[in-house]
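# Structural overview
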Amino acid sequence: MGCCSSAAQSSKREWKPLEDHSCTDVPWLLLFILFCIGMGFICGFSIATGAAARLLSGYDSYGNICGQKNVKVEGIVNSGLDLTHKKYVFFLDPCNIDLVHQKIKSIALCVSACPRKELKTLADIQNFAEINGSTLCSYELQPSEYTTDPRAAKLCPKFPVPESAPIPFFHRCAPVNISCYAKFAEALITFVSDSSVLHRLISGVMTSKEIIMGLCLLSLVLSMILMVIIRYISRVLVWILTILVILGSLGGTGVLWWLYAKQRISAGALETQVAKDNLQALLIYAIAATVFTVILFLIMLIMRKRVALTIALFHVAGKVFIHLPLLVFQPFWTFFVLVLFWTYWITVLLFLGTTGSPVPNEEGFVEFRMAGPLKYMWWYHVVGLVWISEFILACQQMTVAGAVVTYYFTREKRHLPFTPILASVNRLVCYHLGTVAKGSFIITLVKIPRMILMYIHTQLKGKENACARCMLKACICCLWCLEKCLTYLNQNAYTATAINSTNFCTSAKDAFVILVENALRVAAINTVGDFMLFLGKVLIVCSTGLAGIMLLNYQRDYTIWVLPLIIVCLFAFLVAHCFLSIYEMVVDVLFLCFAIDTKYNDGSPGREFYMDKVLMEFVENSRKSMKEAGRGGGAEGRELKPMASGASSS
């Protein structure tokens, strides 16, 4: 479990891919199980204290749960009623929404039926009660008193009473007409100035729902096709990127020098201070652009051979997806599990919102509040949201890493397991859940402080001074960068664990050493490779958006189709990001396997390479370049040299 002892043993140990398996980070697995038991205790506590019944059945302003007999609450009138036949919650003023406290500011009653048509007078409410047996005024008024008792103005609903329908499973009467929530909608959607715009936007979505579903399916198909063909177009994308960068840098520098020369000629006649300042600024910009262009060209010159490795890795990654087609469906399983967990988490959160003991508030109604340490249970629940979500994502990373490692280190591909993905899942469940729990906990330790700082920044928006705002943003940015770096290191640590079955600290150290030894190659893969995948995402979004414009243009049933197009483009980007992130993950795993392969093997008998033919060609070309550059000469030679010596010394 400790890092120090594992680090000391790391240098004496050889990498033995897939040779033996052992349980890793067992204490962390036990800790994670105990934490999950605590999450289950919160759910059980909220259900045992009646929160589930209050959430599902609903309760009135006096603490009575609708649809059952209730216990009297001391000091509260109208509590302890038998409401067995009144199963629905009805609000006297359902449109009075408190945006600050996020609740409906209205008296709630239990009724036997929701008003299915608009009621405009007390006589209408009285007729509704006589016909349907549902009393919409407070409990102390009888239906015969609705039109005669002066208290009816305060104890009966606000007019007009909108048409309502019960919400499925939650037994609340909700207005059918969404214009009731116009103020709420305007607070959330700033570009909506009137409810007619909102109506047209929603009608546009409803009318074009078939087209939206078709376009979403199109983005899914395009993403899967791109994952197959990207290995054939990777070289073209790299050349396009290189040409664009060269033209852009040369063009920008040339324009700046041209503007400087033109300004200098014209400034000869106008000896003003403003002209001199502008001329000096242009000179500084032109010199800076020239220095930037020269540095960029030098970097591209140094990185040109590493780009070849990126292209080769993309080519091999395409082969991986052909041999392991189930990798394509990894985003679906992960998303499905995340949705199940998030649904459970939100349900328990709603339970926590209605749990506790009944307490009278300032208005004489009942609120349910928790006292003592129990009121901090929602903090534990929030930590559970982050840790378990990261745990699920880490399980996906470990599964992908295990499958790709099995592919890479199997010399004869026809001897691969029938389903390497399921074999990887089996190894994860049997041996490495503790490692995944530890890695996800480290991400949680960074993510939660960042979320707290973001919440503080949001709450203090417009109130703090400029210095405090700058410091908050700087801290948030630093934590975000740290989180991204740890996520990348964790992913490589999972790959090292899948290869050698070592614990998290040992795997992280081994992976870090490998990445440092290949720093230039890592930079090339993470710049060129990420940009290629970004272009793939842009291609899918643009293709889906163009198809959406062409299809939606023929729809004449509505006037606004901006919202459907935005929905389609957002979904297309989400799908492309999920699929190409798996592709990026496969490339990263292949690179670490390649780096380990070249460090501990040299192609000689007994130390044969595991790598694919495409990567073998890259190694041979690199060796030729190293011989041409001479011993110890050239950047490529210096980078490959420790790998060869590492192979001989090990």
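Residues numbered from 1 in each chain as written. Predicted model: local features only at pLDDT ≥ 70, side-chain atom pairs only at ≥ 80, totals over all residues. Heavy atoms only, no water.

### Comments concerning the layout of surface pockets
Here is the rule we go by: Grid points spaced at 1 Å over the protein atoms alone were grouped into cavities, where a 1.4 Å probe fits but cannot get out, and pockets, open sets with protein on both sides within 12 Å along at least five of seven lines, with lining residues defined by an atom within 4 Å of a point. Grid points are joined across faces, edges and corners, and a volume is the space filled by probe spheres set on the points. Labels follow the DSSP assignment, with helices taken as runs of H or I lasting at least four residues and strands as runs of E lasting at least two, numbered in each case from the N terminus.
Volume-wise, the second largest pocket comes out at about 1300 Å³. Residue lining of the second largest pocket: 39 residues in total, with Leu393, Gln396, His577, Ser581 and Met585 positioned closest to the centre. Those elements that provide at least two residues to the lining of the second largest pocket are α8 (209-267), α10 (330-354), α11 (377-408), α12 (420-459), α13 (466-500), α15 (519-552) and α16 (562-600). Looking at the lining of the second largest pocket element by element, the count peaks at 11 residues for α16.

### Some remarks on a nonpolar patch on the surface
So the rule is basically this: Exposure above 30% relative accessible area and the lack of any salt bridge qualify a residue for a patch; like charges then connect within 9 Å, and the nonpolar side chains Val, Leu, Ile, Met, Phe, Trp and Tyr within 5 Å. Calculation of accessible area relied on Shrake-Rupley with a 1.4 Å probe; when residues are assessed, cover is drawn exclusively from the protein chains displayed. The working definition used for a salt bridge is a side-chain nitrogen of Lys or Arg within 4 Å of a carboxyl oxygen of Asp or Glu.
A contiguous nonpolar surface patch, about 880 Å² in accessible area, is contributed by Leu217, Val221, Ile225, Val228, Ile229, Tyr232, Ile233, Val236, Ile240 and Leu244. Summarising the element assignment, Val236 is placed in helix α8.

### Digging into the pattern of salt bridges
Opposite charge on two side chains permits pairing when their charged atoms draw close. Put simply, the rule reads: Accessibility here uses a 1.4 Å probe with only protein chains present; expressed as a share of the type maximum, an area under 20% marks a residue as buried, one over 50% as exposed, and anything in between as partly exposed.
Applying the stated criterion across every chain yields a total of five salt bridges. Lys447 serves as the salt-bridge partner of Glu390, at 2.6 Å between the closest nitrogen and oxygen. Of this pair, Glu390 sits in helix α11 while Lys447 sits in helix α12, and the two are 57 residues apart along the sequence. Each member of the pair Glu390 and Lys447 is classed as buried. For Lys447, the salt bridge is made with Glu483, and the minimal N-O distance between the two is 3.3 Å. Linking Lys447 in helix α12 with Glu483 in helix α13, this pair joins segments that are 36 residues apart in sequence. For the residue pair Lys447 and Glu483, the accessibility class agrees, reading buried in each case.

### So, helix α14 (residues 504-517)
Quick reminder of the rule: For a helix, the expected span equals 1.5 Å multiplied by the number of residues minus one. Two N or O atoms count as a polar contact when they lie within 3.5 Å, although within protein this holds only if one can serve as hydrogen donor and the other as acceptor, and sequence-adjacent residues are included solely when both atoms are side-chain atoms.
Taking 1.5 Å per residue as the helical rise, α14 with its 14 residues ought to reach 20 Å, and the 20 Å between its terminal C-alpha atoms agrees with that figure. Residues of α14 that are buried: Phe504, Cys505, Thr506, Ser507, Ala508, Asp510, Ala511, Ile514 and Leu515. Between a side-chain oxygen at the N-terminus of α14 and the backbone nitrogen of Cys505 the separation is 3.4 Å; the capping residue is Asn503.

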